[in-house]
Amino acid sequence: MAVAAAIACRLLRLRAAGAGGHWRRLRGAGLPRGFLQPASAGEDAAQWRRVAHFTFQPDPEPLEYGQTQKMNLFQAVTSALDNSLAKDPTAVIFGEDVAFGGVFRCTVGLRDKYGKDRVFNTPLCEQGIVGFGIGIAVTGATAIAEIQFADYIFPAFDQIVNEAAKYRYRSGDLFNCGSLTIRAPWGCVGHGAVYHSQSPEAFFAHCPGIKVVVPRSPFQAKGLLLSCIEDKNPCIFFEPKILYRAAVEQVPVEPYNIPLSQAEVIQEGSDVTLVAWGTQVHVIREVASMAQEKLGVSCEVIDLRTIIPWDVDTVCKSAGLETENLKMLTLSSWERQSVIKTGRLLVSHEAPLTGGFASEISSTVQEECFLNLEAPISRVCGYDTPFPHVFEPFYIPDKWKCYDALRKMINY
Amino acid sequence: MAYCSCGGLGFGGWLYLRIWITFIGTCSTSVLPAASLRSPDLSTGLGTKQHPQRQQQRFSSLDDKPQFPGASAEFIDKLEFIQPNVISGIPIYRVMDRQGQIINPSEDPNLPQEKVLKFYKSMTLLNTMDRILYESQRQGRISFYMTNYGEEGTHVGSAAALDNTDLVFGQYREAGVLMYRDYPLELFMAQCYGNVSDLGKGRQMPVHYGCKERHFVTISSPLATQIPQAVGAAYAAKRANANRVVICYFGEGAASEGDAHAGFNFAATLECPIIFFCRNNGYAISTPTSEQYRGDGIAARGPGYGIMSIRVDGNDVFAVYNATKEARRRAVAENQPFLIEAMTYRIGHHSTSDDSSAYRSVDEVNYWDKQDHPISRLRHYLQSRGWWDDEQEKDWRKQSRKKVMEAFEQAERKPKPNFSLLFSDVYQEMPAQLRKQQESLARHLQTYGEHYPLDHFEK
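Residues numbered from 1 in each chain as written. Chains lettered and ligands numbered in written order. Predicted model: local features only at pLDDT ≥ 70, side-chain atom pairs only at ≥ 80, totals over all residues. Heavy atoms only, no water.

## Notes on the overall build of chain B
Alright, step 1. Secondary structure summary: chain B contains 15 helices and eight strands in total.
Alright, step 2. Looking at chain B residue by residue over its 459 residues, the buried ones come to 48%. (Helix = DSSP H or I, 4+ residues; strand = E, 2+ residues; numbered from the N terminus. Buried < 20%, exposed > 50% of the residue type's maximum accessible area, 1.4 Å probe, protein only.)

What follows is the structure in structure tokens.
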């Protein structure tokens, strides 16, 4: 009885310490008891760690590709791979742990369905995985290589940049590795920290000869991945890992293609152009709503989709104040629309600011649309630090930072 | 469990002990040898009593064998490190002695005269082309060149043992393979000059040959990158049931690269029909083998990966031929990789940018040039068979030199490709942005063309 009272008092004191003091609680209680805190104390901690910085916005069900099925992003990837292996008898999938289904379940069921010579594990060696993939592609067969995390793609950098990207050019088109596709999980995931959160697209953007693609949703992922696989150039397909389970929508069961090097205007607007790719598209979509609601500002939201070669024309689409300007454009530059329409551009990505791909977009747009810009181009990006662990909520370019930058642009 | 009723410990204390017990229980299970795990009636955890006799039987150290998934091996109870054997390493297989005499007649491949003459003519034509093109670089006619002096036997012996459709991945010192496959002199020269006839469209430095027709993948400068690529190509050939082998050439220096390790490991684990052919010529530019590795060369690494390996005399064209022939047969039949380390010597400088007298003695070079050269050894063989003589030698030298000079003069006269070929083949299709850049260069040349060497480029 006395023991029970003592324990009850302790629990009351612990609860009184408040959410912020949970580290102190654990220390004061002694480690073994700290392990055994009642469930409610842990939940506060878990809650602020679990809340995502975005809300996935599914697109309306596509009707033009036949029957659809509810799929999350990794299932959409599996579906694309399934379609590819069914259609193309030369296609093979390989990488670390792909045989049992992959660490993100993207290849579940494929080995049983297509055989161990077509879906197989490789030794733990990224430079080997990509080099091997290039060799398969040189013979004309389709190679789909998986790098377990984009953070680990760097050992393969030489094979990608010095070999894959230059194969066709340096051989005078005698040889190529166009049937190579490299897939890798990409981007922040809430707890990935330094080596499970990176977005390395900017390193590859500087490399003519490859294509780099990032989808924002399951439907986009399947169509873009199929296009990458069928594209006659080596492609890197980065899959936002935080969306693997969080993003669910209706996705066609049959194969279909979404064109590469074409950005998508997912929401039209007239005051500010917002550009992003992958997970960040959902952040800027929300920012667009906030801007409309709080500031009465109409935003045009663009998903870049392909990082290189990128769709310059769609993004430049609005660098004229008055829509009359559009009439003055000749037919060949009719394409230059978005920024010409709004005069304001905000680009956002998780990757660090300096040398990030927003720099390329910003530079090109100011070259093409200078006189039509109402404000300096804004880049809302990760800080110039490695990707931190506990500081992730402060690091990422969340909706508040984007909103604030947008506000400043409007008031410039 | 008797402890849970200890009131004095309190709630927290009881849970603490409970976790500790579970931990021990887990530990107990894991320390038991496999033999005892197979007995279904064995209960684990503290406090359980086993029949002493049954326990002793299960724990007998005489019976148990290692169960580790990582290695198939016996236990040993003596502490002993394996001593790497670099004093008397893997022996070097040869067929001819340095005077071109067959040592063991049963190893003589007994190739027909025509074929052996083709070996000889390929090697000597290569040698002649090397001399002329090296000179042409010295005279400023081409920008760069790499000779193959001393290694002609490794190229021709191996190329001859392959099928014409076997895919070749090289490093940069394998021109004899192309020569053996009858790559015309005109195309060698075209690539070195980067003229309109260059299949590579003038994009790469000299000696970066490639030929789709002859299944020779275009050379690239980064070392060893071709190794894992060759493995992938071999895997695809296996899947296609093509009955083709892939051969991958590299030097002993390139074998230090991570890509080499990657390639060997992948080839073995994925069971690829590939021949890894290492030209161990003693130097990687100025770095001698003593600074490149400490083990017994490259052949000794093969078994570490589970790869069938052999070391051969690279200056003995028949030894190279025999080893490659057998490796090819088995690689295709058994879908496994083979590693051939061909010992040889780089008689020439690394390239026209190198002067090797800075790091090795002229005497050393002369020894190999005079006493152990693949061409002279084969010539002695031919002469002893009565298939060649001094008269034919003189004629052939004149003839081959004439052929090379003609091709050379023609190549020099041709223009370079049109400057627009700077922009094509980056992708299969030209991206919009690149087309704009191409147009901008064209416009720039309209105004500033006089400052550019347009006269040497096709219009």
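## Some details on the sheet that holds strand β7 (residues 235-240) of chain A
Residues and elements named next belong to chain A.
Alright, step 1. On the basis of which strands lie adjacent, the open sheet formed by seven strands has the order β3-β2-β4-β5-β7-β6-β12 and mixed pairing. The sheet terminates laterally at β3 (119-121) and β12 (306-308), the two strands that pair on one side only. Across the sheet, the mean angle separating the axes of adjacent strands is 20° when strand polarity is ignored.
Alright, step 2. Pairing analysis gives four bridges linking strand β4 (residues 143-146) to strand β5 (residues 180-186), with the strands arranged parallel. Within β5, the residue paired with Ile 144 across the bridge is Thr 181.
Alright, step 3. Contacting β4, β5, β6 (211-213) and β7, helix α11 (residues 218-230) runs over the sheet at an angle of about 165° to β7. (Pairing = 2+ DSSP bridges. Axes fitted to C-alpha atoms, helices over the stretch in contact; angles between N-to-C directions. Contact = heavy atoms within 4.5 Å.)

## A look at unusual backbone geometry
Alright, step 1. That bond from Ile 308 of chain A to Pro 309 of chain A is cis: its omega, -15°, falls within 30 degrees of zero.
Alright, step 2. Mapped onto the secondary structure, Pro 309 of chain A falls in the loop between β12 and α14 (312-315).
Alright, step 3. The phi dihedral of Arg 305 of chain A is positive, around 65°, even though this residue is not glycine.
Alright, step 4. In this structure, Arg 305 of chain A sits in the loop between β11 (299-303) and β12.
Alright, step 5. Non-glycine residue Asn 335 of chain B carries a positive phi angle of around 50°.
Alright, step 6. Mapping Asn 335 of chain B onto the fold places it in the loop between α11 (317-334) and β8 (338-343).

## As for the packing of helix α4 (residues 113-138) of chain B against helix α13 (residues 374-385) of chain B
Axes are the key here: two packed helices are described by the angle between their axes and the distance separating the axes.
All names here are of chain B.
Alright, step 1. Packing of α4 against α13 brings their axes to within 10 Å, and their N-to-C directions diverge by 145°. Viewed along their axes, α4 and α13 form a crossing whose handedness is left-handed. Two secondary-structure elements touch here, α4 through Val 116, Leu 117, Phe 119, Tyr 120, Met 123, Thr 124 and Asn 127 and α13 through Pro 374, Ile 375, Leu 378, Arg 379, Tyr 381 and Leu 382.
Alright, step 2. Looking at side-chain class alone, the contact of α4 with α13 contains 10 nonpolar, two polar and one charged residues. (Left-handed = near helix turned anticlockwise from the far one by under 90°. Nonpolar A, V, L, I, M, F, W, Y, C, P; charged D, E, K, R; others polar.)

## Comments concerning the sheet that holds strand β10 (residues 272-276) of chain A
Residue and element names in this part refer to chain A.
Alright, step 1. On the basis of which strands lie adjacent, the open sheet formed by five strands has the order β9-β11-β10-β14-β15 and mixed pairing. Only two strands of the sheet have a single partner each, and these edge strands are β9 (264-267) and β15 (378-382). Direction aside, neighbouring strands of the sheet carry axes that sit 25° apart on average.
Alright, step 2. Here β10 pairs with β11 via five bridges, running parallel. Bridge pairing in β11 places Leu 274 opposite Val 301.
Alright, step 3. Running over the sheet, helix α17 (residues 357-369) touches β10, β14 (345-352) and β15 and is turned about 155° from β14.

## Regarding the pattern of salt bridges
Alright, step 1. Summed over all chains, the structure comprises 46 salt bridges over all chains.
Alright, step 2. Across the salt bridge formed by Lys 65 of chain B and Glu 74 of chain B, the nearest N and O atoms sit 3.3 Å from each other.
Alright, step 3. According to the relative accessible area criterion, Glu 74 of chain B is exposed, its value standing at 61%.
Alright, step 4. In this structure, the salt-bridge partner of Lys 118 of chain B is Asp 182 of chain B, at a minimum N-O distance of 3.3 Å. Note that Lys 118 of chain B is positioned in helix α4 and Asp 182 of chain B in the loop between α6 (175-180) and α7 (185-193), a separation of 64 residues in sequence.
Alright, step 5. The structure contains a network of salt bridges with shared partners spanning Asp 59, Arg 216, Glu 264, Arg 285, Asp 303 and Arg 305 of chain A. (Salt bridge = Lys/Arg side-chain N within 4 Å of Asp/Glu carboxyl O.)

## Quick word on the interface of chain A and chain B
Alright, step 1. With 53 residues of chain A at the contact, the number on the chain B side is 49 residues.
Alright, step 2. Carbon and sulfur atoms supply 63% of the area that chain A and chain B bury against each other, a total of about 4000 Å² over both sides.
Alright, step 3. Applying the counting criterion to the chain A and chain B interface returns three salt bridges.
Alright, step 4. One salt bridge in this structure joins Glu 368 of chain A and Lys 436 of chain B, with 3.4 Å as the shortest N-O distance.
Alright, step 5. At the junction of chain A with chain B, the criterion picks out 22 residue pairs in polar contact (both at pLDDT 80 or more).
Alright, step 6. Mapped by element, the contributors of at least two residues to the side of chain A that touches chain B are α1 (2-16), β3, α7 (126-138), α8 (157-163) and α9 (167-170) of chain A.
Alright, step 7. Tallying contributions element by element places α7 of chain A first for the side of chain A that touches chain B, with nine residues.
Alright, step 8. Looking at the side of chain A that touches chain B residue by residue, the class counts come to 27 nonpolar, 14 polar and 12 charged. (Buried area = accessible area lost by both parts, 1.4 Å probe. Polar contact = N/O pair within 3.5 Å; in protein donor to acceptor, adjacent residues only side chain to side chain.)

## A few points about the pairing of β15 of chain A
Alright, step 1. Within β15 of chain A, four of the five residues are buried, which leaves it mostly tucked inside the rest of the structure.
Alright, step 2. Chirality of the crossover, the property in question, places the unit of β14 of chain A, α17 of chain A and β15 of chain A among those that are right-handed. (Right-handed = clockwise from strand over helix to strand, strands pointing away.)

## Observations regarding the environment of Tyr 152 of chain A
Residues and elements named next belong to chain A.
Alright, step 1. Within the secondary structure layout, Tyr 152 lies in the loop between β4 and α8.
Alright, step 2. As for Tyr 152 and Leu 406, which are separated by 254 residues in sequence, their C-alpha atoms are 34 Å apart.
Alright, step 3. Residues in contact with Tyr 152, not counting those within four places in the same chain, are Glu 126, Ile 147, Tyr 195 and His 196.
Alright, step 4. A polar atom in the side chain of Tyr 152 sits 3.3 Å from the backbone oxygen of Tyr 195.

## Topic: helix α5 (residues 73-87) of chain A
All names here are of chain A.
Alright, step 1. Given a rise of 1.5 Å per residue, 15 residues ought to cover 21 Å, and the 21 Å separating the end C-alpha atoms of α5 matches this to within 8%.
Alright, step 2. Leu 73, Phe 74, Ala 76, Val 77, Thr 78, Ser 79, Ala 80, Leu 81, Asn 83, Ser 84 and Leu 85 are the residues of α5 that are buried.
Alright, step 3. Looking at where α5 begins, the residue whose side-chain oxygen comes 3.2 Å from the main-chain nitrogen of Phe 74 is Asn 72. (Expected span 1.5 Å × (residues − 1).)

## A word on a negative patch on the surface
Residue and element names in this part refer to chain B.
Alright, step 1. Together, Asp 389, Asp 390, Glu 391 and Asp 395 make up a region of like negative charge exposed at the surface.
Alright, step 2. Examined against the element boundaries, Asp 390 turns out to sit in helix α14 (residues 390-413).
Alright, step 3. Exposure remark for Asp 390: the relative accessible area of 58% places this residue in the exposed category. (Patch = residues over 30% accessible without salt bridge, like charges linked within 9 Å, V, L, I, M, F, W, Y side chains within 5 Å. Areas by Shrake-Rupley, 256 points an atom, 1.4 Å probe, with all protein chains shown as cover. Lys, Arg positive; Asp, Glu negative; His and termini not counted. Charge placed at Lys NZ, Arg CZ, Asp CG, Glu CD.)

## A word on the packing of aromatic side chains
Working definition: an aromatic ring pair is given by the centre-to-centre distance plus the angle between the planes.
Residue and element names in this part refer to chain B.
Alright, step 1. In the structure shown here, the tally under the stated rule is 38 aromatic pairs over all chains.
Alright, step 2. Centre to centre, the rings of Phe 318 and Tyr 381 are 4.7 Å apart; their planes meet at 70°, and the pair counts as edge-to-face. Placement of the pair is Phe 318 in helix α11 and Tyr 381 in helix α13, with a sequence separation of 63 residues. Across the pair, exposure class does not vary: Phe 318 and Tyr 381 are buried alike.
Alright, step 3. Following the ring pairs from residue to residue traces out a cluster consisting of Phe 119, Tyr 180, Phe 318, Tyr 321, Tyr 381 and Trp 387.
Alright, step 4. Its end group placed over the ring of Trp 396, Lys 121 keeps NZ or CZ at 5.1 Å from the ring centre.
Alright, step 5. Positioned above the aromatic ring of Tyr 149, the side-chain terminus of Arg 131 is 5.8 Å from the ring centre. (Phe/Tyr/Trp six-rings, centres within 6.5 Å; stacked < 30°, edge-to-face > 60°. Lys NZ or Arg CZ within 6 Å of the ring centre and 35° of its normal.)

## Quick look at the UniProt feature "domain: Transketolase-like pyrimidine-binding" (unreviewed entry) in chain A
Alright, step 1. Taken from the UniProt record, the annotation "domain: Transketolase-like pyrimidine-binding" (unreviewed entry) applies to residues 71-246 of chain A.
Alright, step 2. The span residues 71-246 of chain A is 38% helix and 16% strand, and its two end C-alpha atoms sit 10 Å from each other. (UniProt positions renumbered as here; feature names shortened; annotations may be inferred.)

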